[in-house]
Amino acid sequence: MSKDKIILFDDKKNCCACGACMNVCPKDAIRMEEDEYGFLYPQIDETKCVQCGACKKVCAYQNGPKLFEPKQVFVAVSKNKNQLLNSASGGVFAAVATKILKDGGVVFGATLDFENGHANPHHIKIENQKQLTKLQGSKYVQSSIGITYKQTKDYLKKGRIVLFSGTPCQISGLYEYLGKEYNNLYTIDVICHGVPNAKFFDDYLQIEKQRRSADKIEDYAFRDKRKGWGMNGRITLAKGRKQKKVYIPARLNSYNTLFLDGMIYRENCYSCKYARRERCADLTIGDYWGIEKEHPELLKNNMYNEKEGISCILANTEKGIKTCQNIKELLQMNDSSFEKVSRRNGQLNIPSKRPDSREMIMRKYSDHGYIAIEKWFRKKYKKQIIVHRIYNMIPRTIRLKLKAVIKGK
Ligand SMILES: Cc1cc2nc3c(=O)[nH]c(=O)nc-3n(C[C@H](O)[C@H](O)[C@H](O)COP(=O)(O)OP(=O)(O)OC[C@H]3O[C@@H](n4cnc5c(N)ncnc54)[C@H](O)[C@@H]3O)c2cc1C
Ligand code: SF4
Ligand code: SF4
Ligand code: SF4
């Protein structure tokens, strides 16, 4: 008698694409496949499935994740200027990774590669300091986990120290996949307000390439700090044998604007189970938004420079606390509190709100491609585009003075 067919999820709200089910399947019967909007979901090949049920057991998103109450909270910034400038915030990830690599460990995290000019955000492992820049910096798009959970288990079983970093749902997926505690595993999750999908992101980049009559995209940085700590991007394009880097202010860019306005996230991100105080990794890292209000004393003493990025760290486990002690010489660190950090970082309390227009945008994309999204953005955000164009023409020193006047400093 045949057993019941395995259903991995009954609603898109119940799958975050962590890939734990795919990694655990003994018959290699699960593949991640794109839906009509480009989001990845696991699909079972019925001809390979033996209905063992292992994939259902490892779903942290549906079975309930294991969570920890933050024990200590810090403001932090890297003392290594190079690492700081290549990082999205204060360079805390790079500091932890540097220590782990020095101790002979392996570090897993998200990278953004370009294969034949197309973006491929995915998780990889690195084993030396030279490769660290591949993992630095936020990629505001879903990173595919691939078989990195399996690789992590192999390293852990061999006794290697492993640092695994990612979104909270990816860290939770890893723990559920591993199924037991490993003393040699360290984890970091980022405060996360949601992820768009890789196909949507790549289609946006192709429009940027066409607009600039380039032949190929070679690189993209979501946060270029040349003009300060913010959300401005930088695209690297090739035309013939020439390479050019173009700075893209956040609010002049359709992808960034729709990302920041929460319009293009994966369905389950709008009811994310990890958008809360309790955390799933040893350490949680994020931007210290609102530092000027929460810790003006640290800015006054020039201990921290707002223009270069400042991080917050939540140490959620004993391992997390120990890690912070071990990297003290690499970071400028000061005590803070969860209340201060979460005041301007809504994701530590509740999930992003799902805008009414989300469905319309994704449908438009699915029916008419990214070109239709770009047209809609240029029309709908016309005023924003004009204001930000003018704003970006004002020299930075004058802009900062204006900001200070507006803030009443
Ligand atoms: C999708 C996303 C949403 C975020 N939302 C917020 C937010 O609402 N509030 C906030 O304070 N911070 C948010 N962050 C975190 C923030 O952007 C910084 O990554 C964080 O502050 C760490 O900065 P850093 O300077 O220490 O390290 P960085 O070098 O900037 O960060 C690198 C780390 O981020 C991980 N990472 C980068 N991209 C991805 C990805 N696509 N998927 C999984 N892991 C990734 C890498 O594996 C590595 O661990 C978000 C990050 C991502 C990826
Ligand atoms: S294990 Fe992860 S990818 Fe698989 S169904 Fe659950 S949430 Fe989705
Ligand atoms: S039930 Fe077992 S064999 Fe079938 S997809 Fe799930 S893990 Fe694979
Ligand atoms: S918002 Fe939640 S579900 Fe979505 S990517 Fe971030 S942690 Fe995962």
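Preceding this paragraph is the structure being described.
Keep in mind it's a predicted model, so treat the numbers as computed, not measured. (Residues numbered from 1 in each chain as written. Chains lettered and ligands numbered in written order. Predicted model: local features only at pLDDT ≥ 70, side-chain atom pairs only at ≥ 80, totals over all residues. Heavy atoms only, no water.)

Participant: Go over helix α8 (residues 198–211) with me, naming the residues and quoting the values.
Facilitator: Its 14 residues place the ends of α8 20 Å apart at the C-alpha level, agreeing with the 20 Å of an ideal helix rising 1.5 Å per residue. Among all positions in α8, only Phe200, Phe201, Asp202, Tyr204, Leu205, Gln206, Ile207, Glu208 and Lys209 are buried. Capping of α8 at its N-terminal end is provided by Asn197; its side-chain oxygen lies 3.0 Å from the backbone amide nitrogen of Lys199. (Helix = DSSP H or I, 4+ residues; strand = E, 2+ residues; numbered from the N terminus. Expected span 1.5 Å × (residues − 1). Buried < 20%, exposed > 50% of the residue type's maximum accessible area, 1.4 Å probe, protein only. Polar contact = N/O pair within 3.5 Å; in protein donor to acceptor, adjacent residues only side chain to side chain.)

Participant: Which residues make up the packing of α8 against helix α15 (residues 370–380), and what are the values?
Facilitator: Interhelical geometry of α8 versus α15 gives an angle of 70 degrees and a closest axis separation of 9 Å. What the angle tells us is that α8 and α15 run roughly perpendicular. On the side of α8, the interface is formed by Phe200, Asp203, Tyr204, Ile207 and Arg211, while α15 contributes Tyr370, Ile371, Ile373, Glu374 and Arg378. When the residues that make up the contact of α8 with α15 are grouped by side-chain class, the tally is six nonpolar, no polar and four charged. (Axes fitted to C-alpha atoms, helices over the stretch in contact; angles between N-to-C directions. Parallel < 35°, antiparallel > 145°, perpendicular 65-115°, else oblique. Contact = heavy atoms within 4.5 Å. Nonpolar A, V, L, I, M, F, W, Y, C, P; charged D, E, K, R; others polar.)

Participant: I'd like to hear about the side chain of Arg279, residue by residue, with values.
Facilitator: Within the fold, Arg279 resides in the loop between α9 (254–260) and β11 (283–287). One polar contact links the side chain of Arg279 to the main-chain carbonyl oxygen of Arg276, over a distance of 2.8 Å.

Participant: An account of the site of ligand 4 is needed here, citing residue identities and associated values.
Facilitator: Close contacts around ligand 4 come from Pro168, Cys169, Cys192, His193, Gly194, Val195, Asn268, Cys269 and Cys272, and that covers them all. Residues of the shell around ligand 4, tallied by class, amount to six nonpolar, three polar and no charged. (Near = heavy atom within 4 Å.)

Participant: Would you mind going over the sheet that holds strand β12 (residues 311–315) in detail, with residue names and values included?
Facilitator: The strand order β5-β4-β6-β7-β11-β12-β3-β13 describes an open sheet built from eight strands, whose pairing is mixed. A single partner strand is all that each edge strand has here, and the edge strands are β5 (118–126) and β13 (331–335). In this sheet, neighbouring strand axes are inclined to one another by 30 degrees on average, regardless of whether the strands run parallel or antiparallel. Looking at chain direction, strand β4 (residues 106–115) and strand β6 (residues 162–166) are connected through three bridges and run parallel. Considered in β6, the bridge of Val106 is made with Val162. (Pairing = 2+ DSSP bridges.)

Participant: How would you summarise the pairing of strand β7 (residues 185–190) if you had to cite specific residues and measurements?
Facilitator: The element β7 is extensively covered by neighbouring structure, given that five of its six residues are classed as buried. As paired strands, β6 and β7 are joined by five bridges and run parallel to one another. Its bridge partner lying in β7, Gly166 is registered against Asp189. Of the crossover connections in this fold, the one passing from β6 over helix α7 (residues 168–178) to the parallel β7 is right-handed. Bridge count for β7 against β11 is three bridges, and the pairing is parallel. When the sheet's bridge partners are listed, Val190 is paired in β11 with Ile285. (Right-handed = clockwise from strand over helix to strand, strands pointing away.)

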